[in-house]
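Here are the chains, one letter per residue:
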Amino acid sequence: MQVNRLVTVYITTYNRLSLLERAVNSVLNQTYSLIEIIVADDGSTDGTHEYLAAMEARGVLKSTINRSGVSKGACYGRNNAISMAQGYFITGLDDDDYFESFRVMEFIRAWQELESAGNNISGLFDGVVELRDDGKFHYNEATIVNYRMLRESNFIGNQVFTTREKLLDVGSFDVNMPALQDWETWIRLSKKHGDFINISKFSYIVDQTHGGERISEKKAKKIRLAFYKLAEKNAPLSFRERVSHLESLYAYKQVDVVGSEMLTLLFAGKVRKFMQVVKRLIKNAK
C-alpha cells in the first residue's frame, strides 16, 4: 500500500478550546502519519489563539484566524483552510467531534483499492457513532451514495474524504448557505465526479453531550432558508425529492409546523412522519 500521499484535515472552531484540543489530539493520534492539520478559527476569545500559536510554533498544525471581529461562519473558515491545504487528500472534522485512531488509514486503504480497480468516485465517507446522554447510536449505513440519492437527502453526513483537487473543482463550500452546507456541497461533487462510497468502519464520533450549539439547534428561520436555497439550487425538484426534503426539514424540532406541508406528507404516504409532526403540534399547543 502506498503511504506517501499527504492528507489535510481541516477543523473549524469558535470558543471551544477544550473540545478543539480533543479534536486535534484525535488527528495527531492517527495510525497514518502523513497528515497536515489546519485549524480555522472564527474569532475565538477563550485562549484558542494562544493554543494555536503554541502548536504552530511546535510545527504541529497551521491555522487561519478571522480577526475581523465579526463571525464569518464555518464555511468561510473551511474554504480558507482548503485554499491553504497542501494535501493530495482532504477531509474535515468539527471541533466538538473526534476521529477514531484508524480513520485516515482506512480511508487511504479503501481509496487505493478502488483506484487500483479503476473506479472513479467523488469521495469516501464512514458510519458515525453519535454519543448522546441516553447512549450510543450508529448511523450513515448506506453503502453507495449517488447524485440522485443526494438530491433527496443527505445520506452521507457532515464529512467526506476526497481529493483537494475535486473539492476545489466544484468551488468548495457555499458561504451563502445558512445551513446544510455539507449536503449542498456533496450534491455538487457527486454530480460532477461520481458516487460516494462508505467504508463502514464507524470512525467518526459525534458528541452531543458537551452542551454546545449544533446545527440541530440553529434558529428555525435559518433552517427553513437553507432548505429553500437548497431546493432553488437544484430546481426543479421532483415530487419525491420535495417530500424527502420535507421529511428532513421536520427532523429539526424547532421548525414550525405548516399545514400545507403536513398535507403533502400525508398525500405522499408518509404517515409515520405525519403523525410525528401532529404529535409535535399537539405538544407545542399545550
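In case you missed it, the structure is sitting above this.
About the criteria used
- Residues numbered from 1 in each chain as written.
- Predicted model: local features only at pLDDT ≥ 70, side-chain atom pairs only at ≥ 80, totals over all residues.
- Heavy atoms only, no water.
- Helix = DSSP H or I, 4+ residues; strand = E, 2+ residues; numbered from the N terminus.
- Rg over C-alpha atoms; globule rule 2.2 N^0.38 Å.
- Buried < 20%, exposed > 50% of the residue type's maximum accessible area, 1.4 Å probe, protein only.
- Contact = heavy atoms within 4.5 Å.
- Areas by Shrake-Rupley, 256 points an atom, 1.4 Å probe, with all protein chains shown as cover.
- Lys, Arg positive; Asp, Glu negative; His and termini not counted.
- Charge placed at Lys NZ, Arg CZ, Asp CG, Glu CD.
- Phe/Tyr/Trp six-rings, centres within 6.5 Å; stacked < 30°, edge-to-face > 60°.
- Polar contact = N/O pair within 3.5 Å; in protein donor to acceptor, adjacent residues only side chain to side chain.
- Core = buried A, V, L, I, M, F, W, Y, C linked by side-chain atoms within 4.5 Å.
- Patch = residues over 30% accessible without salt bridge, like charges linked within 9 Å, V, L, I, M, F, W, Y side chains within 5 Å.
- Salt bridge = Lys/Arg side-chain N within 4 Å of Asp/Glu carboxyl O.
- Axes fitted to C-alpha atoms, helices over the stretch in contact; angles between N-to-C directions.
- Parallel < 35°, antiparallel > 145°, perpendicular 65-115°, else oblique.
- Left-handed = near helix turned anticlockwise from the far one by under 90°.
- Nonpolar A, V, L, I, M, F, W, Y, C, P; charged D, E, K, R; others polar.

(A) Examining the overall build of the protein more closely. Helix and strand counts for the protein come out as 11 helices and 12 strands. Radius of gyration (C-alpha) of the protein: 19 Å, near the 19 Å computed for a compact globule of 286 residues. With respect to the principal axes defined by its C-alpha atoms, the protein has extents near 60 × 50 × 35 Å. Per-residue burial over the protein gives 50% buried out of 286 residues. For the protein, restricting intrachain contacts to residue pairs at least 6 apart in sequence, the fraction spanning at least 24 positions comes to 75%. When the accessible surface of the protein is summed, it comes to about 14100 Å², and 51% of that surface belongs to carbon and sulfur atoms. Mean positive and mean negative side-chain charge positions of the protein (38 and 35 charges, respectively) differ by 5 Å.

(B) Region of the structure containing the packing of aromatic side chains. Tallying each qualifying case throughout the model produces 12 aromatic pairs. Ring plane angle 65° and centroid distance 6.2 Å describe the contact between Trp111 and Phe161, whose orientation is recorded as edge-to-face. Remark: Phe161 occurs in strand S10 (residues 161-163) and Trp111 occurs in helix H4 (residues 103-116); sequence separation between them is 50 residues. As far as the burial class goes, Trp111 and Phe161 line up, both buried. For the ring pair Phe227 and Tyr252, a centre distance of 6.2 Å and an interplane angle of 70° mean the geometry is edge-to-face. Taken together, the residues span a long stretch of sequence, with Phe227 in helix H8 (residues 220-233) and Tyr252 in the loop between helix H9 (239-249) and helix H10 (259-267) at a distance of 25 residues. Taken as a pair, Phe227 and Tyr252 share a single burial class, namely buried.

(C) Local environment of the side chain of Arg151. On the secondary structure map, Arg151 appears in helix H5 (residues 147-152). Within polar-contact distance, the side chain of Arg151 engages the side chain of Glu241 at 2.8 Å. If we skip the residues at most four places from it in the chain, Arg151 touches Ile187, Asn234, Pro236, Leu237, Glu241 and His245.

(D) Examining the nonpolar core more closely. Leu150, Ile156, Leu180, Trp186 and Phe196 are the most contacted members of the largest nonpolar core, which totals 39 residues. Looking at this core, the elements that each hand over two or more residues are helix H3 (74-84), H5, helix H7 (181-193), H8, H9, H10 and helix H11 (271-285). For Ile156, the contacting residues outside a window of four places in its chain are Phe125, Asn140, Val145, Leu150, Trp186 and Phe196.

(E) Molecular detail of a nonpolar patch on the surface. A contiguous nonpolar surface patch, about 360 Å² in accessible area, is contributed by Leu263, Leu266, Val271 and Met275. At the level of elements, H10 and H11 are the ones that each hand at least two residues to the nonpolar patch. Inspection of the secondary structure puts Leu263 in helix H10. On the basis of relative accessibility, which here comes to 57%, the residue Leu263 falls in the exposed class.

(F) Inspection of the environment of Leu246 at higher detail. Inspection of the secondary structure assignment puts Leu246 in helix H9. With residues up to four places along the chain from it excluded, the contact list for Leu246 reads Glu261, Thr264 and Leu265.

(G) Representation of the packing of H8 against H9 within the structure. Packing of H8 against H9 leaves a shortest axis separation of 11 Å and a crossing angle of 160°. The orientation of H8 with respect to H9, classified from their angle, is roughly antiparallel. For H8 against H9, the interelement crossing comes out right-handed. Here H8 contributes Ile223, Arg224, Phe227 and Leu230 to the contact with H9, which in turn contributes His245, Ser248 and Leu249. Among the residues making up the contact of H8 with H9, the classes are represented as four nonpolar, two polar and one charged.

(H) Examining the packing of helix H1 (residues 17-28) against helix H2 (residues 48-57) more closely. Two elements in contact, H1 and H2, have axes whose closest approach is 10 Å; the angle formed by their N-to-C orientations is 25°. Classified by the angle between their axes, H1 and H2 sit roughly parallel to one another. Crossing angle aside, the handedness with which H1 passes H2 is right-handed. Contact residues: Leu17, Leu20, Glu21, Val24 and Leu28 in H1; Thr48, Tyr51, Leu52 and Met55 in H2. Its residues placed into classes, the contact of H1 with H2 shows seven nonpolar, one polar and one charged.

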